[in-house]
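Given next are the chains, with one letter for each unit.
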Amino acid sequence: PVSHEFHLEAEHLQYKQPSILQGRNDVVTVTPWLAPVVWEGSFDPVLLDGIYRPKNISITATVFAVGKYIMFLKDFLETAEQHFFVGFNVHVYVFTDQPKEVPRVQMAAGRKLTVRSVLDSQRWQEISARRMELIQTLIEERHRNIMDYIFCLDVDSRFHGRWGTESLGRLVAVIHPGYYKDPRSSFPYERRPVSRAYVAPGEGDFYYCGGAFGGLLQEVHLLARTCHRNFKEDARNNIEAAWQEESHLNRYMWVNKPSKVLSPEYLWQDFKPRNPEVHIVRFSGVVKNYAKIRPN
Ligand code: UD2
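What follows covers the environment of Arg158. Within the secondary structure, Arg158 is located in strand β6 (residues 157–159). When its relative accessible area of 27% is taken as the criterion, Arg158 is described as partly exposed. Counting along the chain gives 124 residues from Arg158 to Arg282, while the straight-line C-alpha distance between them is 8.4 Å. Every residue in contact with Arg158, bar those within four places of it in the chain, is listed here: Asp75, Thr79, Arg282, Phe283, Ser284 and Val286.

If you walk through the whole model with that rule in mind, you get 22 aromatic pairs. With 4.5 Å between their ring centres and 5° between their planes, Phe64 and Phe95 make a pair best called stacked. In this pair, Phe64 sits in strand β2 (residues 58–65) while Phe95 sits in strand β3 (residues 89–96), placing the two residues 31 residues apart along the sequence. Phe95 shares its class with Phe64; the two are buried. With centroids separated by 5.4 Å and ring planes inclined at 45°, the aromatic side chains of Phe84 and Phe159 adopt a geometry described as tilted. Of this pair, Phe84 sits in the loop between α2 (73–83) and β3 while Phe159 sits in strand β6, placing them 75 residues apart in sequence. Residue Phe84 shares its accessibility class with Phe159, and that shared class is buried. One aromatic cluster in this structure is built from Phe76, Phe84, Phe85, Phe88, Phe151, Phe159, Trp163, Tyr266 and Phe283. In this structure, Lys257 packs its charged tip against the face of Trp33, placed 5.5 Å from the ring centre.

Further remarks concern the side chain of Thr60. In this fold, Thr60 is placed in strand β2. Each residue touching Thr60, except ones within four places of it in the same chain, is listed here: His91, Tyr93, Leu138, Arg142, Tyr149, Ile150 and Phe151.

The subject of this paragraph is the sheet that holds β3. An order of β1-β9-β7-β8-β5-β2-β3-β4 is seen for the eight strands of this open sheet, with the pairing classed as mixed. Bordering the open sheet on either side are β1 (37–38) and β4 (111–117), each of which pairs with just one other strand. Both β1 and strand β9 (residues 260–262) contribute to a ladder of two bridges, which runs parallel. Within β9, the position partnered with Val38 by the bridge is Leu262. In the packing of helix α5 (residues 244–255) onto the sheet, the strands contacted are β7 (171–175) and β8 (208–216), and the crossing angle to β8 comes to about 55°.

Bringing the site of the ligand into the picture now. Looking at the ligand, there are 23 residues lining it, with Phe64, Tyr69, Asp156, Glu245 and Lys288 nearest. One of the side-chain nitrogen or oxygen atoms of Glu245 is found 2.7 Å away from an oxygen atom of the ligand. At 2.8 Å, a side-chain N or O of Tyr290 approaches an oxygen atom of the ligand. For the ligand, the accessible surface in isolation is 730 Å², of which the surrounding protein chains cover 95%. Secondary-structure elements contributing two or more residues to the shell around the ligand are β2, α3 (124–141), β8 and α5. At four residues, α3 tops the list of elements feeding residues into the shell around the ligand. Classifying every residue of the shell around the ligand by side-chain character gives 12 nonpolar, four polar and seven charged.

A few words now on the state of the cysteines. Between two cysteines, a covalent bond joining their sulfur atoms is known as a disulfide. Per the stated rule, a full pass over the model turns up zero disulfides. Cysteine Cys209 is unpaired, with the sulfur of Cys152 as its nearest cysteine sulfur at 12 Å. Take Cys209: its relative accessible area is 3%, and that puts it in the buried class.

Proteins that are soluble and globular tend to have nonpolar side chains buried together. Counting residues in each nonpolar core, the largest one holds 44 residues, and the members touching the most others are Ile59, Leu73, Phe84, Phe85, Phe151, Leu153 and Trp163. Of all the secondary structure elements, the ones that give two or more residues to this core are α1 (45–52), β2, α2, β3, β5 (149–153), β7 and β8. Once residues within four sequence positions are removed from consideration, Trp163 is found in contact with His83, Phe84, Phe85, Phe151, Leu153, Val174, Ala212, Leu262, Tyr266 and Phe283. By size, the runner-up hydrophobic cluster in this structure holds 32 residues, among which are Val37, Val118, Ala173 and Trp268.

Across all of its chains, the model carries 20 salt bridges by this definition. The closest approach of N and O atoms between Arg123 and Glu126, which form a salt bridge, is 3.7 Å. Note that Arg236 and Glu233 form a salt bridge whose closest N and O atoms lie 2.9 Å from each other. Highlighted residues: Arg236 and Glu233, both in helix α4 (residues 217–236), separated by three residues, approximately one helical turn. A relative accessible area of 22% means that Glu233 is categorised as partly exposed.

Calculation notes
Residues numbered from 1 in each chain as written. Predicted model: local features only at pLDDT ≥ 70, side-chain atom pairs only at ≥ 80, totals over all residues. Heavy atoms only, no water. Helix = DSSP H or I, 4+ residues; strand = E, 2+ residues; numbered from the N terminus. Buried < 20%, exposed > 50% of the residue type's maximum accessible area, 1.4 Å probe, protein only. Contact = heavy atoms within 4.5 Å. Phe/Tyr/Trp six-rings, centres within 6.5 Å; stacked < 30°, edge-to-face > 60°. Lys NZ or Arg CZ within 6 Å of the ring centre and 35° of its normal. Pairing = 2+ DSSP bridges. Axes fitted to C-alpha atoms, helices over the stretch in contact; angles between N-to-C directions. Near = heavy atom within 4 Å. Polar contact = N/O pair within 3.5 Å; in protein donor to acceptor, adjacent residues only side chain to side chain. Areas by Shrake-Rupley, 256 points an atom, 1.4 Å probe, with all protein chains shown as cover. Nonpolar A, V, L, I, M, F, W, Y, C, P; charged D, E, K, R; others polar. Disulfide = S-S within 2.5 Å. Core = buried A, V, L, I, M, F, W, Y, C linked by side-chain atoms within 4.5 Å. Salt bridge = Lys/Arg side-chain N within 4 Å of Asp/Glu carboxyl O.

Right under this line is the structure:
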């Protein structure tokens, strides 16, 4: 049985005294709807791991490596082994059209990998967008333990620093590194009112990235089902949102506020110099040559 009670792993766990006066003062660490925004220095990893360890949680991660994107998988898996929920139960699902090419990566005890076959597609937009449907199906097939979490991640990326229990929440979104200083009117949301991903110029909170999101299985199931349904509805009307499922995700996160927001530390881009407020890059998108790796 899973306990929802707050109790620490060891009664005498040593950690720094919390302060309500001092903390990060160069960034905002809570949204106006009172969801934490996770930045380095805003949490205590020892304390958080101590809270979550007795709960015996498991974390599912999904990653898609279709067509030439298989080349990114090795680095993704190897760096995940070093930084992603180290010491916890982790189950990585790799969706690929080339199961035989999945690299063998040594995994620590409690961690496993499952390969699922998917078809390739002529259009990269379809590969990216179809992920929502496959995530929905995956969650439906699995036993839905209320304390289980899932993160859905882009494969053309690698981990550089801790990504752990501080990121857990009911519904978790990551701030896109490219737009967090911009006014919302210039976010690349879908702007055509006929689309189910539409966000009006005066609306929206942050611009979140499609390359990383997560939360409790049942919450992410609802998100994936809704985004997939809206994507299909758009397709019936001959519309494809500006940034495919990322646009639908942004609409969803505006309507259903995330309970935790991860700062751009959780998805930086390698081509961008690190901004001073970003003390650590935990996960980042690698530089890629779109013309060479996409089907067209
Ligand atoms: C952004 C988002 C991405 C998605 C996309 C819009 C970030 C960092 N990235 O990146 O998540 O929302 O916009 O569609 O927020 N894939 C394959 N094979 C392909 C093409 C794609 O496996 O031929 C998979 C792969 O897991 C990849 C993901 O789809 O990581 C997203 O595709 P992308 O990285 O080409 O999208 P990009 O860079 O435009």
